Amino acid sequence: LKGSVQRKWDINKLLYLDNVEPEEVVKRWRAQIVEESDDESDIEEEEDDGDFFKKRDVKDTSKDLDQFAPEYPSIEELKNKFNPADDNSDEEYESGFQKLKSRFLAAPKLNDTE
Amino acid sequence: MSSSKTSMVTFEGHRNLRLRLVLATLAGIPIKISKIRSNDMNPGLKDYEISFLRLLEAVTNDSRIEISYTGTSVIFRPGIIIGGQLTHNCPVSKPVGYFIEPMLYLAPFSKKKFSIVFKGLTASDKTRDAGVESIKWGLLPIMEKFGVREVSLHILKRGSPPLGGGEVHLLCNSLIPQPITMHALENPKISAIRGVAYCTRVSPSMVNRIIDSARNVLRPTGVEVNITADVWRGENSGKSPGFGVTLVAELKKGWRILAEGVGSPGSLPEDLGERVAYELLEELSKSVAVGRNQLQLCLAFMTIGKEDIGRLKVHKDQIDDNFIHILRDIKQVFGTEAFLKDGANEPIPGEEDFMTVSLKGIGFTSASKKIA
């Protein structure tokens, strides 16, 4: 159904399907909305002469696909996730540490001023 | 498995090249990898991949490598893993961790003990490959869980980018027929955070600045934070100035989760310490007993274990495209499939964020034991 990939899939059914790319498996399993492309339209868009010589449908292969460390969000995003907000309310701090703090054996109280 | 031993496994692209080659070596089946960067401006294998193939050839007996004229396809017919004493000069495009990491998959199943000296960069700011401390504190404890206990990694010289000049000695005294079956189903508590901040050919104050900034970020965790300063001077400090940090969260029952970073030219040590500390928190928030960078080794050892089902609890955020690529590669080489059980279906509260990976071992036996 167009634009309605809201159905949540069983990952075990998708895991080894050769015709579904791993990136797509993760999207479907997480029930993320997949935007349908407008490939069905018959009208060809006008193209610049410069675009004629450009390679199409070429995947970026320069990326290192054999790396050890995962990719992390930017430092700003991480700071927002794990730091208290400036307005003296520690809601964001709470959300970032909410699940994590229970894992530390000596979790501190959030309102500790020390 | 008897029929698959004669056939060739084929892959396309340069993804997980080392893993695919190592799995094929363990399985003893020939492998063909084609379309390696075939659409790239610089097609074919890179210098470090060629170097890795040469290393693989050196630690095995009677392996044959065929590389096409353009370098975009390679056929590898693995021989028996023999190990032994050797020195490998790594190109400066990759740190030594790139070469050491796959050797950990082979070393315990070798005919002779592995004793390899790797020369080159001990860390790199350009790539996201494993640093020496990451392997020592992150991967060796995982191997211990599978019954591989006597593996050590010694830094003889540190070598920072761009020129390197480092030396690292990998020693594996533990030769086992197969890994033991592992069941990691609990969510272990974090008892302490440790780490090492190092520098070569720069002022020792750099490491103190890294340590201070990392400690500031990690202080609210409330656990003991102990980061060691490791300053290298003179001949043993390689050819270039540099600094870096590795932070490790110690979990109960011997599990470790880590993050690491290397300073780039012109970057501040404070920024590095802060960034790596936040990355460790991020990794902890997305992990159970094993971090994302340890999953590959864990899944590979579960696969080549005894003919029993091993189980590993993972966070749902750990299930990404890379995780699926690893499982598909394992299936293609060994024919075994993983099953994921959703924690949301469990009656226990708080399990919604987790899944359990069940993987049946293939009953692998090391080549040396087969001959004996």
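Note that the structure is predicted; figures quoted are calculated from it, not measured.

Participant: Would you take a moment to explain the packing of aromatic side chains for this structure?
Facilitator: How two aromatic rings sit relative to each other is set out by the distance from centre to centre and by the angle between their planes. Residue and element names in this part refer to chain B. The full count for this structure, using the stated rule, is seven aromatic pairs over all chains. Ring centres of Phe109 and Phe364 lie 5.2 Å apart, and the angle between their planes is 85°; on these two criteria the pair is classed as edge-to-face. Highlighted residues: Phe109 in the loop between helix 3 (97–106) and strand 8 (114–120) and Phe364 in the loop between strand 18 (354–360) and helix 9 (367–371), separated in sequence by 255 residues. We note that Phe109, like Phe364, is buried. Ring centres of Phe146 and Phe301 lie 5.4 Å apart, and the angle between their planes is 80°; on these two criteria the pair is classed as edge-to-face. Of the two residues, Phe146 sits in the loop between helix 4 (132–145) and strand 9 (151–157) while Phe301 sits in helix 7 (residues 295–303), which places them 155 residues apart along the sequence. Among the residues examined, Phe146 registers a relative accessible area of 0% and is labelled buried. With relative accessibility at 0%, the residue Phe301 sits in the buried group. Through a chain of ring-to-ring contacts, the aromatic side chains of Tyr105, Phe109, Phe146, Phe301 and Phe364 assemble into a single cluster. Just above the ring of Trp255 sits the side chain of Lys145; from NZ or CZ to the centre is 4.5 Å. Positioned above the aromatic ring of Tyr198, the side-chain terminus of Arg158 is 4.0 Å from the ring centre.

Participant: Which parts of the structure should I look at to understand the interface of chain A and chain B?
Facilitator: Quoted interface sizes are often the accessible area lost when the parts come together. At the junction of the two partners, chain A supplies 46 residues and chain B supplies 60 residues. Across the chain A/chain B interface, buried area totals approximately 4900 Å², and carbon plus sulfur atoms make up 57% of it. It is Tyr16, Phe68 and Arg103 of chain A in chain A that bury the most area against chain B; as a group they hold 20% of the surface buried on that side. The tally of links from chain A across to chain B stands at three salt bridges. Residue Lys81 of chain A pairs with Glu282 of chain B through a salt bridge whose shortest N-O separation is 2.8 Å. Across the contact surface, chain A and chain B share 24 residue pairs in polar contact (both at pLDDT 80 or more). Of all the secondary structure elements, the ones that give two or more residues to the side of chain A that touches chain B are helix 1 (11–14), helix 2 (22–29), helix 4 (75–82) and helix 5 (91–97) of chain A. When its residues are assigned to classes, the side of chain A that touches chain B shows 28 nonpolar, six polar and twelve charged.

Participant: Explain unusual backbone geometry here, please?
Facilitator: Residues other than glycine predominantly adopt negative phi, and peptide bonds predominantly adopt the trans conformation. Residue and element names in this part refer to chain B. Of note, the bond from Pro161 into Pro162 is cis; its omega dihedral lies within 30 degrees of zero at 10°. Mapped onto the elements of the fold, Pro162 is located in the loop between strand 9 and strand 10 (166–172). The phi torsion at Arg37 lies on the positive side, around 50°, for a residue other than glycine. You can see Arg37 is positioned in the loop between strand 2 (31–34) and helix 2 (47–59). The phi dihedral of Lys253 is positive, around 65°, even though this residue is not glycine.

Participant: Quick question: what am I supposed to make of the nonpolar core here?
Facilitator: Soluble, globular proteins show a tendency: their nonpolar side chains are buried together. With 129 residues, the main nonpolar core has Met103 and Phe118 of chain B as its most contacted residues. Here Met103 of chain B is in contact with Phe52, Leu55, Leu56, Val59, Phe114, Ile116, Phe118 and Leu170 of chain B, once residues within four sequence places are set aside.

Participant: Would you mind going over the pattern of salt bridges with me for this structure?
Facilitator: Any two side chains of opposite charge can pair, on the condition that their charged atoms come close. Residue and element names in this part refer to chain B. Under the counting rule described, the total for this entry stands at 26 salt bridges over all chains. Between Glu101 and Arg18 there is a salt bridge, and its shortest N-O distance comes to 3.3 Å. Of this pair, Glu101 sits in helix 3 while Arg18 is found in helix 1 (residues 17–27), placing the two residues 83 residues apart along the sequence. Ionic pairing is found between Glu346 and Lys341, a salt bridge with its closest N-O pair at 3.2 Å. Looking at Glu346, the relative accessible area reads 27%, which means it is partly exposed. Since its relative accessible area comes to 42%, Lys341 is described here as partly exposed.

Participant: Would you explain helix 1 of chain B in this entry?
Facilitator: An α-helical segment advances 3.6 residues per turn. Residues three or four places apart therefore align on the same side. Residues and elements named next belong to chain B. With respect to burial, helix 1 is a largely interior element, eleven of its eleven residues being buried. Taken together, the buried positions of helix 1 are occupied by Leu17, Arg18, Leu19, Arg20, Leu21, Val22, Leu23, Ala24, Thr25, Leu26 and Ala27. Backbone geometry just downstream of helix 1 places Gly28 in the positive-phi region, at approximately 70°.

Participant: Just checking my understanding: could you explain the pairing of strand 13 (residues 224–232) of chain B for this structure?
Facilitator: A regular strand places its side chains on the two faces of the sheet in alternate fashion. All names here are of chain B. Across nine bridges, the pairing between strand 12 (residues 190–200) and strand 13 is parallel. Bridge pairing in strand 13 places Tyr198 opposite Asp230. In this fold, the crossover linking strand 12 to strand 13 by way of helix 5 (residues 205–218) has right-handed handedness.

Participant: When you look at the sheet that holds strand 12 of chain B in this model, what are you seeing that I'm missing?
Facilitator: Residues and elements named next belong to chain B. Ordered in space as 13-12-14-15, the four strands form an open sheet in which the pairing is mixed. Of all strands in the sheet, those with a lone pairing partner are strand 13 and strand 15 (256–262), marking the two edges. Recorded for the sheet is a direction-independent mean angle of 15° between the axes of neighbouring strands. Relative to strand 15, strand 14 (residues 242–251) is paired through seven bridges, and the arrangement is antiparallel. For Thr246, the partnering residue across the bridge sits in strand 15 and is Glu260. The sheet strands contacting helix 5 are strand 12, strand 13 and strand 14, and the helix crosses strand 13 at an angle near 165°. Where helix 6 (residues 269–285) meets the sheet, it contacts strand 12, strand 14 and strand 15, and its direction lies at approximately 155° from that of strand 15.

Calculation notes
Residues numbered from 1 in each chain as written. Chains lettered and ligands numbered in written order. Predicted model: local features only at pLDDT ≥ 70, side-chain atom pairs only at ≥ 80, totals over all residues. Heavy atoms only, no water. Phe/Tyr/Trp six-rings, centres within 6.5 Å; stacked < 30°, edge-to-face > 60°. Helix = DSSP H or I, 4+ residues; strand = E, 2+ residues; numbered from the N terminus. Buried < 20%, exposed > 50% of the residue type's maximum accessible area, 1.4 Å probe, protein only. Lys NZ or Arg CZ within 6 Å of the ring centre and 35° of its normal. Contact = heavy atoms within 4.5 Å. Buried area = accessible area lost by both parts, 1.4 Å probe. Salt bridge = Lys/Arg side-chain N within 4 Å of Asp/Glu carboxyl O. Polar contact = N/O pair within 3.5 Å; in protein donor to acceptor, adjacent residues only side chain to side chain. Nonpolar A, V, L, I, M, F, W, Y, C, P; charged D, E, K, R; others polar. Core = buried A, V, L, I, M, F, W, Y, C linked by side-chain atoms within 4.5 Å. Pairing = 2+ DSSP bridges. Right-handed = clockwise from strand over helix to strand, strands pointing away. Axes fitted to C-alpha atoms, helices over the stretch in contact; angles between N-to-C directions.

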